[in-house]
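Structural overview for review
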Amino acid sequence: YRRLQGLEGLAPVKESARQLIQLVAGNADREDREQPLQEVVLNRVFLGNPGTGKTTVAGIYAQLLTELGLLSKGDVIVKNPSDFTGDVLGSSEKQTRDILQAAEGCVLVIDEAYALYSGGGGVNSNNDPYKTAVIDTIVEQVQAKPGDDRAVVLLGYKEQMEEMFKHVNPGFARRFQMQHAFHFPDYDDESLIRIMMAKASDAGLKLSLPVAKRSVRTLAGARAKPNFGNAGSVENLLSDAKLRMQSRGSPGNPCSELTLEDFGADKDGPDDAVLDTLFEDIIGCRSVKNRLKELKSLVEFAQGRGQDPKQHVQMNYLFYGNPGTGKTTVARRMGLMFKALRLLPGDTVVDVAASDLVTGYAGQAGKQTREVLQRARGGVLFVDEAYQLNPARGGHYMTEAVDELVKALTSDEFKGKMLVILAGYEADMEEMLKTNPGLKSRFSERLHFEDLTAEQTADLLTYQLQHKKKLTAKPQDRVGMIELAERLVASTSFGNGRDVDTWCTAVFEEVAKANAREAGKRRLRAPSATDVSLCHVEAALTKLLGSREVKSAGAASKACAPVSAPGGEQRSAVQSAERAAPPPSPAETKTAVMETDDWELVEDGTDGEPVEREAESSARGGFEGVDPRALVPLQAYLDREGLNSEEGVARLAGLDPS
């Protein structure tokens, strides 16, 4: 008992041991008075993460039971689930009986006992029959009656153990009472510092308290992840530090004092190299970027004062804005920022929709939500279209999901160990928050994402052309691109960045088609494949806006009628394509350039003089005097319907013009 009291931490375990001793002592007194004895069940469940002392305490528990006269031997036998499981019919039962018989008078420890359950609990469960046989045999052989000369101790994580007890043989829960389990909490930093100091001293090494404090602080990231190793993590950290320390010494002059460099704690501050460039390439989001800069300053201020910045920083955020305004991108960058600031151990983003938190079955949404939270722990959970969490929108199962989310965000398991972001339209999100007052109080930080301006849209297109498509827009075309962007921004259902992505892809297609056409003209040299002219950008925009207008017109307009349709429908299709492009403004007309303007004349091999182009009126096929921009939608229609070939011309010629 004194050895148990000397262990670091473990207050709940020490209290449980004290109660057990009092119970045994009380039974001795009852026996003297010839009164009925209180039942003492020796089988126990130890719950906790790795490195919290479960195996060590199991040995002390065996000695304690022996000293109290409850066991005859007091030896500790440690087994894993695989030691019980056979591979042929009847083998699991035999192996389990043999192990239990050998454990008479001893404490039998089953480590990671939750592995005896294979995970199937529903109607279509496919439980491992060999593992099920082990459980059933333990229920048969371990009666959990007073006077048993054997104690079976199950070790495991709390959540997995609880899940197992719900679905296995009900007799198993009666023999191992979860309500009387020994709970092994994670060690706090002070306990880990004392553990590290003691281990260093046992190894004959010098370790100052300031160095120990800074080195333990580097474990904060690992602590945020599931199943923190506790004392095991300290052991690994100390082992790595010993190797670095030895590399500093020499055979004749070995080092014996651990330093910050040995623990890598000299670089435990913010990663300025990442932070300085994190938001440079994000176009727009000015207010969001300003708020994140303020957050960075807050963290650095707290760290400079030796305070835990997590006590001053919000870990739950609401992102308000229309689609394509950069919410998902900023969420990913925030993950990088929080990792660089040492607030999170990782920057992985678990991107889900609200519907991913439910299964469509009653009683399952809470479990599903917790599983998603577990996946995101240590990183970022991004829930897009989170307004669907409103039961009025997403269904009544959402109530359970929201309740679980609210509970989890204040639990020790998740609080401060992950970044949670809910995104959606502001009005819908505010309505959703009203469904659960606890949810609103946990998400007090709001970031608003404004729609892109025409200038930002043009800049984003230029950036994407350069970095995604390896195409270069001419600097002198920027004014013209902004004017084109104004048309897109003013269009119906402007999708911000999503529309820019579509526009960028369409520009690439236009450049590819232009180069393909030039490849067929031997006397004309096509422009460089990396050049983008304003006409490419405009043609792509016209196609984008035209397709949007055709979609909005509905199926009744028959804007894309087959060529074989009657002549009236043919004219309707062309007219619809022509209407897709708004009339050009004077500024647009001024900057308008035909694709042929970028072609270069090839010198004649005989006299070195340029070869003249065909007459403009001939090249335009009777369309002289027509603004070139008005012909773009017609060309787009001909390309789409496959009418820009000899066969297509023949098909058009065969139509009845009446």
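The structure presented is a predicted model; accordingly, all values stated were derived computationally and were not measured. (Residues numbered from 1 in each chain as written. Predicted model: local features only at pLDDT ≥ 70, side-chain atom pairs only at ≥ 80, totals over all residues. Heavy atoms only, no water.)

Quick look at helix 17 (residues 365–376) now. Here helix 17 is twelve residues long and its end C-alpha atoms lie 17 Å apart, about the 16 Å a rise of 1.5 Å per residue gives. Among the residues making up helix 17, those that are buried are Ala365, Gly366, Thr369, Arg370, Val372, Leu373 and Ala376. For helix 17, the angular spread of the buried residues around the axis is 160°, confining them to a single face. Looking one or two places after helix 17, you find Gly378, whose phi comes out positive at around 90°. (Helix = DSSP H or I, 4+ residues; strand = E, 2+ residues; numbered from the N terminus. Expected span 1.5 Å × (residues − 1). Buried < 20%, exposed > 50% of the residue type's maximum accessible area, 1.4 Å probe, protein only. Arc of directions from axis to C-beta.)

Here the structure, examined in full by the defined rule, presents 22 salt bridges. Across the salt bridge formed by Glu140 and Arg97, the nearest N and O atoms sit 3.5 Å from each other. With Glu140 in helix 6 (residues 129–141) and Arg97 in helix 5 (residues 91–102), the pair connects residues that are 43 residues apart, well separated along the chain. A residue is classified by how much of its surface remains accessible, and Glu140, at 41% relative accessible area, is partly exposed. We classify Arg97 as partly exposed; its relative accessible area is 35%. The shortest N-O distance in the salt bridge between Glu404 and Lys407 comes to 3.5 Å. Placement of the pair is Glu404 and Lys407 together in helix 19 (residues 397–408), with a separation of three residues, close to one helical turn. Each member of the salt-bridge network shares a partner with another, and the members are Arg370, Glu404, Lys407 and Glu413. (Salt bridge = Lys/Arg side-chain N within 4 Å of Asp/Glu carboxyl O.)

In terms of burial, strand 8 (residues 380–384) is largely enclosed, as four of its five residues are buried. Note on the crossover from strand 7 (residues 349–353) through helix 17 to strand 8: the handedness is right-handed. Alignment of strand 8 against strand 9 (residues 419–424), held across four bridges, turns out to be parallel. By the bridge assignment, Phe382 is partnered in strand 9 with Ile421. (Right-handed = clockwise from strand over helix to strand, strands pointing away. Pairing = 2+ DSSP bridges.)

Within strand 1 (residues 44–48), five of the five residues are buried, leaving the element largely enclosed by the surrounding structure. Of the two faces of strand 1, the one carrying Arg44, Phe46 and Gly48 and the one carrying Val45 and Leu47 are both buried. Sheet topology places strand 1 next to strand 4 (residues 151–156); four bridges connect them, and they run parallel. Residue Val45 lies in a different strand from strand 4, and its bridge partner there is Leu154. Bridge analysis of strand 1 against strand 5 (residues 182–184) gives three bridges, and the strand direction is parallel. When the sheet's bridge partners are listed, Leu47 is paired in strand 5 with His183.

As a further point, take the sheet that holds strand 10 (residues 445–449). Ordered in space as 7-8-9-6-10, the five strands form an open sheet in which the pairing is parallel. Each of the sheet's edge strands pairs with one partner strand only, and the pair in question is strand 7 and strand 10. Averaged over all pairs of adjacent strands, the angle between their axes in this sheet comes to 20°, without regard to strand direction. Pairing between strand 6 (residues 316–321) and strand 10: five bridges, direction parallel. Considered in strand 10, the bridge of Gly321 is made with Phe449. (Axes fitted to C-alpha atoms, helices over the stretch in contact; angles between N-to-C directions.)

Okay, the packing of aromatic side chains next. Evaluation of the coordinates by the stated rule reveals nine aromatic pairs. Taken together, a centroid distance of 4.9 Å and an interplanar angle of 50° make the contact between Phe319 and Phe449 tilted. Taken together, the positions of Phe319 in strand 6 and Phe449 in strand 10 put the pair 130 residues apart, joining distant regions of the chain. You can call Phe319 buried: its relative accessible area is 0%. Among the aromatic side chains, those forming a connected cluster through ring pairs are Phe46, Tyr61, Phe182 and Phe184. The ring of Phe508 carries Lys469 above its face, with NZ or CZ at 5.5 Å from the centroid. (Phe/Tyr/Trp six-rings, centres within 6.5 Å; stacked < 30°, edge-to-face > 60°. Lys NZ or Arg CZ within 6 Å of the ring centre and 35° of its normal.)

What follows covers the confidence of the model for the protein chain. Summing up the model confidence of the protein chain, the mean pLDDT is 79 and the portion of residues at 70 or higher is 78%. Counting contacts from residues 554–621, a segment whose pLDDT is below 50, to residues more than four positions away or on other chains yields 91 contacts. (pLDDT = per-residue confidence, 0-100. Contact = heavy atoms within 4.5 Å.)

Two elements in contact, helix 22 (residues 454–467) and helix 24 (residues 497–519), have axes separated by 9 Å at closest approach and are oriented at 50°. As judged from the angle between their axes, helix 22 and helix 24 are oblique. Crossing of helix 22 against helix 24: the hand is right-handed. Contacts between helix 22 and helix 24 involve Thr457, Leu460, Leu461, Gln464 and Leu465 from the former and Gly497, Val500, Asp501, Trp503, Cys504 and Val507 from the latter. Among the residues making up the contact of helix 22 with helix 24, the classes are represented as seven nonpolar, three polar and one charged. (Parallel < 35°, antiparallel > 145°, perpendicular 65-115°, else oblique. Left-handed = near helix turned anticlockwise from the far one by under 90°. Nonpolar A, V, L, I, M, F, W, Y, C, P; charged D, E, K, R; others polar.)

Right, let's talk about the sheet that holds strand 4 for a bit. Sheet strands line up and pair through hydrogen bonds in the backbone, either parallel or antiparallel. In space, the five strands of this open sheet follow the order 2-3-4-1-5, with parallel pairing throughout. The open sheet has two edge strands, strand 2 (76–79) and strand 5, and neither has a second partner. For this sheet, the mean angle separating the axes of adjacent strands, direction not counted, is 20°. Contacts between helix 2 (residues 11–32) and the sheet are confined to strand 1 and strand 5, with strand 5 contributing the most and set at about 160° to the helix. Helix 7 (residues 158–167) contacts strand 1, strand 4 and strand 5 of the sheet and is inclined by roughly 120° relative to strand 4.

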